[in-house]
Amino acid sequence: MEIRHLSKTYGGKRVLDIPAFAFEPNTRYAVIGANGSGKSTLARLLAGVIPADPGAAISGGGSVGYMPQKSLGFRLSVRRNLRLGVRDAQAGERSARLAAELGLDALAKRDGGSLSGGETAKLALARVLAGRWDVLILDEPTAAMDVPAALRAEECILRCQRETGCTLILVTHAFGQAERIGQQALFLHEGQLWEHGPAEQLLHHPLRPETRQFLRFGAFA
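As the structure is a computational prediction, the values presented were derived from the model and not from experiment.

**Here we look at helix α1 (residues 39-47)**
Right, on to step 1. Counting buried positions along α1 yields seven of nine residues, so the element is predominantly enclosed.
Right, on to step 2. Among all positions of α1, only K39, S40, T41, L42, A43, L45 and L46 are buried.

In structure tokens form, the structure reads like this:
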């Protein structure tokens, strides 16, 4: 997936401006940055949820799966929620496996709209991971989960990415998660792509002073 002249303006204020970047196939990207830096805007633009400013171009993405920051559970049973979008037997099998791994089996008959924040996040994650995507975009998928659930979710994310060979773009506020999942990292600052490179290098030996300051002063949970 390649982007050129990607920008987004709200009310006369440009909140994201990235001249060019290429996301490589079969690579895991962690997107980090302070609140308001443009992380979720980037995720929504790449997923096609919102339109970019005129002149922007996104190409070569193929099929795109997307989990927004605010997870949704539809007013159906959890079991039926998990079957939404399932088009073949393999997807159904993946959905059932993910439900078991994420601890959703016991909630199968519950109304998807009545779940807690963490339960809803697990439901939404299982739903999107059951698909086969060329690009998978996850916007803070484990933020509402407790630590054990988040770690299980990370295992599911990593396995699904390895099985499908998709490009994974993970927006995260958690340093450990960026380190565990990201092969490459992008640091957004005031709507611009300030620094990018191998995750280990960027997270531990950043080049830009803004990146060092962000990492030093507790920007991650």
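We are not done yet, so read on.
**Points about the sheet that holds strand β5 (residues 64-67)**
Right, on to step 1. Strands sit in the order β5-β6-β7-β3-β8-β9 across an open sheet of six strands; the sheet is mixed. The open sheet has two free edges, formed respectively by β5 and β9 (192-198), since each of these has just one partner strand. Along the sheet, successive strands turn relative to each other by an average axial angle of 15°, direction set aside.
Right, on to step 2. Pairing between β5 and strand β6 (residues 135-139): four bridges, direction parallel. Looking at β6, one finds that Y66 is bridged to I137.
Right, on to step 3. Seen against the sheet, helix α4 (residues 117-129) touches β5 and β6 and runs at an angle of roughly 180° to β5.
Right, on to step 4. Contacting β3 (28-33), β8 (184-189) and β9, helix α8 (residues 209-216) runs over the sheet at an angle of about 95° to β8.

**Some remarks on the packing of aromatic side chains**
Right, on to step 1. Within the structure shown, the criterion is met by four aromatic pairs.
Right, on to step 2. Ring geometry for F21 against Y29: centres 6.2 Å apart, planes inclined by 80°, an arrangement best described as edge-to-face.
Right, on to step 3. You can call Y29 buried: its relative accessible area is 4%.
Right, on to step 4. Here a set of aromatic residues connected by ring pairs shows up, and it is made of F21, F23 and Y29.

How each quantity is defined
- Residues numbered from 1 in each chain as written.
- Predicted model: local features only at pLDDT ≥ 70, side-chain atom pairs only at ≥ 80, totals over all residues.
- Heavy atoms only, no water.
- Buried < 20%, exposed > 50% of the residue type's maximum accessible area, 1.4 Å probe, protein only.
- Helix = DSSP H or I, 4+ residues; strand = E, 2+ residues; numbered from the N terminus.
- Pairing = 2+ DSSP bridges.
- Axes fitted to C-alpha atoms, helices over the stretch in contact; angles between N-to-C directions.
- Contact = heavy atoms within 4.5 Å.
- Phe/Tyr/Trp six-rings, centres within 6.5 Å; stacked < 30°, edge-to-face > 60°.

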